[in-house]
Amino acid sequence: MEKICVAVRVRPPVAVSQEISNGNHWRVEDNHISLLKSDGTPISGVTYAFDHVFDESCTNARVYELLTKDIIHAAVEGFNGTAFAYGQTSSGKTFTMNGSETDPGIIHRAVKDIFNKIQMMSDREFLIRVSYMEIYNEEINDLFALENQKLQIHESLERGIFVAGLREEIVNNAEQVLELIAAGEVNRHFGETNMNVRSSRSHTIFRMVIESKEKDNNSSNYSCGDAIRVSVLNLVDLAGSERIAKTGAGGVRLKEGKHINKSLMALGNVINKLSDSPKQRGHIPYRDSKLTRILQPALGGNAKTSIICTVAPEEVHVDETKGTLQFASRAKRITNCAQVNEILTDAALLKRQKLEIEELRKKLEGSRAEVLEQEILKLRNDMLKYEADREKLEMQLEEERKSHKERDQRIREQQMRIDNLSSLVTFPEHDRNSVQNSGSQFSKEEINDSSSKEDVFRTPSFKAAPNAFVAKRSNYSRRTDYSPLPDTLSNVADEETWLKMNKGYIADLDSIQMTPARKVQSFPLSDMTPGLSSDDYRQEVENLRRQLELITEEKNELEEEISELKQEASVIGEIPQRLCKSVANCKEIFKDILLTLQSFVPDGEYSTTKLLSSTSEIGISLLSNLESYLLVDKDNHDSFPRNDSLVQEHCKVLSESIRGTITSLVASEKLAIQNKEVENTICSCDYKDSTLEGETTSKDKLSYELDSIKEKYNDLEKKLDLNNQLLEVSREKYTSLERKLQLLKGERDSLLETVSESSQKLALVKDQKENVLKDLNSEVRRRKDLEEQIKQFSVAFASRQRSFTSFQSEFKSKIEKLRSLDTVSASKSLGC
Ligand SMILES: Nc1ncnc2c1ncn2[C@@H]1O[C@H](COP(=O)(O)OP(=O)(O)OP(=O)(O)O)[C@@H](O)[C@H]1O
């Protein structure tokens, strides 16, 4: 694991635009860069440290030497490498990557350096392919072939991420490459903005694929000439982030600027995520832009990477410069895991073993007897070890076979479970109907929608198992004109897989893993299919099952709540009926009261009769109104709360008018009494006793009736109050019920969402399962090949054993001869 190398380069304060060139505001000291106050002292807290910080006087040669050279050399040795320039517009990215006539840039120097280094490596032969592309407005164009526009990014097991249809030129020397680059530059999108007269309007990626293998010189060493190293070197000149206001972009420039900023933001997001600790990291959004997708192996993957962040020193750019420095700080935290991408073929392995045997044979021939004996012993031991290894391998194979069978079985079981879950997740038709009938808010559209979604999820999109970012080249020697075009576009690995793949692992190719001499590490099966191991798979299905149980529980609870709500609604529905009844009672009582009152009115008292009859009319009409409102409310729940205030108003009017009537009646009563008193004084004394007695009786009767009326009135008022209270309570209940209903609706929606998510997950699991099945099939095929190879090895071992036995007997006889010679010479010397 190694950190990405990050450097910052400050451009000289050139007058790109007269009004914005106003001096230097940054100080560079060693590998630090600080923002200065107006008095030239550094502002505390605005100092950044990087692997290198280059000031304005620094040349491209120095930048190359310190930052990029190692990566270039490593690429020749078989490591993937990426160098890219990042920074705001006009900060010097293109200058750094392409350079000038007098000071060539990184690309130029890298190309020359690669060919120089190759020349020095006389023991290896190289095949170099170059390509040059640009990402313009989120479209990939081939800079070597104008007709290749809008190219697509693909990912395959063999080649990792690649741009399909991109022209690759096989090159033999640096001059040829530089000519090709110059031709490609012509096709690049440049444009003039307020900030830069020649502003790059696209991201460009110059790519070199370096393949090498040892020269076949039949030397008797331990190396294996058939091992192939394949490395990819990307040299990237990004378009600059820009503020539309500053660049003055409009029309085409504005559109370009938007695309540039968007893809740079995606790059920033990827860098942000990668700079988090692996636990917090989560999903890395490589797929958010073409740029991040292409640079994926260089960002947190199997590559050595350097970033040069260019900044403009002027005060007007301070904010952008700070942004660039923050980006650089985050990038500094990213670690990559680069490894030599070496591919060992079967031929190479056999050759290596043959060389070893040859070496031993030579040793045996030229050595003394004891040494020979020791060697024979060693050979025998080795052979026994090989035998043991072979047996172990066979046992492993047997175990693999068994586990494969078990896995198969488990997958079948999981499939059944998934099918069951799928059928559970899909609401049964009668459920849907019942929900709809019971006034549930499941709309037809929603149900149709969910069912249509389900159909979509059922279509599996195949994603193949992962592999590493190296091409399988068992037939390499026969295919020097290897074409970058994909064999099939269906085997596209997903992002997480790719991420895992690039954590330093290299492809599992053919049967390489069984060879002890293999340098590179291979994936165990479980690593090859991250997230798809049977345990994970079972876990996933288990989670889904639990989720489904929860959902079913929630659904049941919701149904219970809905039935409770229905009950409450029916109770509320009855309230207006009850109110209606009590109003009808009130009406009757009111009529009675008025009739009684009228019966007390003496004949001829027109005003009182009129008063009473008008009160009766008003009262009865009010009560009838109230009754009719309640009857309407009974059928129409929506109007219920609105009419409530109206009813209260009517009740108020009614009680006031009744109160008024009674007051006027009491007043007329008093008046009648006064009149009577006056009459009494005028009347003769003879009649005094008898009249007084009669009056007292009628007065008592009247006051008794009045009291009973008052009582009835009070009862009526109480009842009205009660009704009002009831109305208030039912209104509150109605509101709370409505609130509950809203909540339930929300819950139901979220439930539907969860169900659809579960369906999605199920579909995903199905996909994964299919992938696992496919993997398993390929695994079976691989196992078969393996078995075949083991057989071949067994045969080879047997023949070797035979040759060793013959060697042994040959050497034994030689030793015997030597011994007899020794004995003869000893006896001769004794005889002498
Ligand atoms: N280190 C440097 N020394 C001298 N001149 C420089 C340096 N860096 C940049 N320049 C000059 O500044 C101007 C803008 O630089 P350049 O075009 O490389 O910027 P850029 O970051 O690539 O801009 P854009 O993103 O708009 O393409 C050019 O004229 C370039 O020659």
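Whatever comes next refers back to the structure up there.
Here the structure is a predicted model, which means the values were calculated and not measured.

(A) Quick look at the overall build of the chain. Of regular secondary structure, the chain possesses 19 helices and 19 strands. Approximately 43600 Å² of the chain is accessible, and the part contributed by carbon and sulfur atoms is 52%.

(B) Seen up close, the site of the ligand. By nearness alone, 17 residues border the ligand, and T89, K93, T94, S199 and S200 come closest of all. Taking G92, its main chain carries an N or O atom lying 3.0 Å from an oxygen atom of the ligand. F95 has a polar backbone atom sitting 2.8 Å from an oxygen atom of the ligand. For the ligand, the accessible surface in isolation is 620 Å², of which the surrounding protein chains cover 80%. Sorting the residues of the shell around the ligand by element identifies α2 (93-98) and β14 (199-200) as the ones contributing at least two each. Per-element accounting of the shell around the ligand gives the leading share, three residues, to α2. Grouping the constituent residues of the shell around the ligand by class yields three nonpolar, ten polar and four charged.

(C) Structural view of the sheet that holds strand β3 (residues 26-29). Judged by pairing direction, the sheet is antiparallel, and its three strands sit side by side in the order β3-β4-β5 without closing on themselves. What marks the edges here is a single partner per strand, and that holds for β3 and β5 (42-49). Across the sheet, the mean angle separating the axes of adjacent strands is 25° when strand polarity is ignored. Where strand β4 (residues 32-36) and β5 come together, four bridges link them in antiparallel fashion. By the bridge assignment, I33 is partnered in β5 with Y48.

(D) Fine view of the environment of S758. Residue position: S758 is located in helix α19 (residues 688-831). In this structure the C-alpha to C-alpha distance between S758 and N543, which are 215 residues apart in sequence, comes to 10.0 Å.

(E) Representation of the packing of aromatic side chains. Within the structure shown, the criterion is met by seven aromatic pairs. Between Y48 and F50, the aromatic rings sit 6.4 Å apart at their centres with planes inclined by 10°, giving stacked as the arrangement. Like F50, Y48 is buried. Through a chain of ring-to-ring contacts, three or more aromatic side chains come together here, namely Y132, F144 and F206. Taking NZ or CZ as reference, R198 lies 3.6 Å from the ring centre of F190, over its face. Across from the ring centre of F79, 4.8 Å away, lies the NZ or CZ of K304, which sits over that ring.

(F) Region of interest: the pattern of salt bridges. The final tally for this structure, using the stated rule, is 23 salt bridges. Note that E147 is salt-bridged to R167, the shortest N-O span being 3.4 Å. Of this pair, E147 sits in the loop between β9 (139-142) and β10 (152-156) while R167 sits in the loop between β11 (160-164) and β12 (169-171); the two residues are 20 residues apart in sequence, bridging distant segments of the chain. Taking the relative accessible area as the measure of exposure, E147 reaches 58% and is therefore exposed. As a salt-bridge pair, R401 and E787 come within 2.4 Å of each other at their nearest N and O atoms. Of this pair, R401 sits in helix α11 (residues 369-425) while E787 sits in helix α19, and the two are 386 residues apart along the sequence. Note on R401: relative accessible area 33%, which makes it partly exposed. Three or more residues joined by partner-sharing salt bridges are found here, namely E400, E779, R782 and R783.

(G) Layout of the packing of helix α3 (residues 106-120) against helix α4 (residues 174-187). At their nearest, the axes of α3 and α4 sit 9 Å apart, and the two run at 155° to each other. Classed by the angle they form, the pair α3 and α4 counts as roughly antiparallel. Of the two possible hands of crossing, α3 and α4 adopt the one that is right-handed. Taking contact as the criterion, the partners of I107, H108, V111, K112 and F115 in α3 are, on α4, A174, E175, V177, L178 and I181. Looking at the contact of α3 with α4 residue by residue, the classes come out as seven nonpolar, one polar and two charged.

(H) View of unusual backbone geometry. A positive phi angle, near 50°, is found at D30, a position not held by glycine. One can find D30 in the loop between β3 and β4. On the basis of relative accessibility, which here comes to 71%, the residue D30 falls in the exposed class. Backbone geometry at E138 places phi at a positive 65°, although glycine is not the residue there. Given the relative accessible area of 23%, E138 is considered partly exposed.

(I) Representation of the packing of helix α6 (residues 251-275) against helix α9 (residues 318-332) in the model. Look at α6 against α9: their axes get within 8 Å of each other, and the N-to-C directions meet at 40°. Classified by the angle between their axes, α6 and α9 sit oblique to one another. Like other packed secondary-structure pairs, α6 and α9 cross with a definite hand, here left-handed. For the pair formed by α6 and α9, the contact residues are L267, G268, I271, N272 and S275 on the first element and F327, R330 and A331 on the second. For the contact of α6 with α9, the class distribution of residues is four nonpolar, three polar and one charged.

(J) Highlighting the nonpolar core. Within the largest apolar cluster, 46 residues are counted, with the highest numbers of intra-cluster contacts made by V8, I33, F50, L267 and L299. By residue number, the principal contributor to this core is α6, which donates six residues. Apart from the residues lying within four places of it in its own chain, the contact partners of I33 are V8, V10, W26, R27, V28, V46, T47, Y48, F50, V53, V311 and L325. Residues A7, F115, M121 and V177 belong to the second largest nonpolar core, which totals 39 residues.

(K) Up close: the pairing of β4. When you tally the buried positions in β4, you get four out of five residues, the bulk of the element. From the end of β3 to the start of β4, which pair antiparallel, there are two residues, and D30 there has a positive phi angle of about 50°. Taken together, β4 and the strand that follows it, β5, pair antiparallel across an intervening segment of five residues, in which G40 is found at a positive phi of about 90°.

Rules behind the numbers
- Residues numbered from 1 in each chain as written.
- Predicted model: local features only at pLDDT ≥ 70, side-chain atom pairs only at ≥ 80, totals over all residues.
- Heavy atoms only, no water.
- Helix = DSSP H or I, 4+ residues; strand = E, 2+ residues; numbered from the N terminus.
- Areas by Shrake-Rupley, 256 points an atom, 1.4 Å probe, with all protein chains shown as cover.
- Near = heavy atom within 4 Å.
- Polar contact = N/O pair within 3.5 Å; in protein donor to acceptor, adjacent residues only side chain to side chain.
- Nonpolar A, V, L, I, M, F, W, Y, C, P; charged D, E, K, R; others polar.
- Pairing = 2+ DSSP bridges.
- Axes fitted to C-alpha atoms, helices over the stretch in contact; angles between N-to-C directions.
- Phe/Tyr/Trp six-rings, centres within 6.5 Å; stacked < 30°, edge-to-face > 60°.
- Buried < 20%, exposed > 50% of the residue type's maximum accessible area, 1.4 Å probe, protein only.
- Lys NZ or Arg CZ within 6 Å of the ring centre and 35° of its normal.
- Salt bridge = Lys/Arg side-chain N within 4 Å of Asp/Glu carboxyl O.
- Parallel < 35°, antiparallel > 145°, perpendicular 65-115°, else oblique.
- Left-handed = near helix turned anticlockwise from the far one by under 90°.
- Contact = heavy atoms within 4.5 Å.
- Core = buried A, V, L, I, M, F, W, Y, C linked by side-chain atoms within 4.5 Å.

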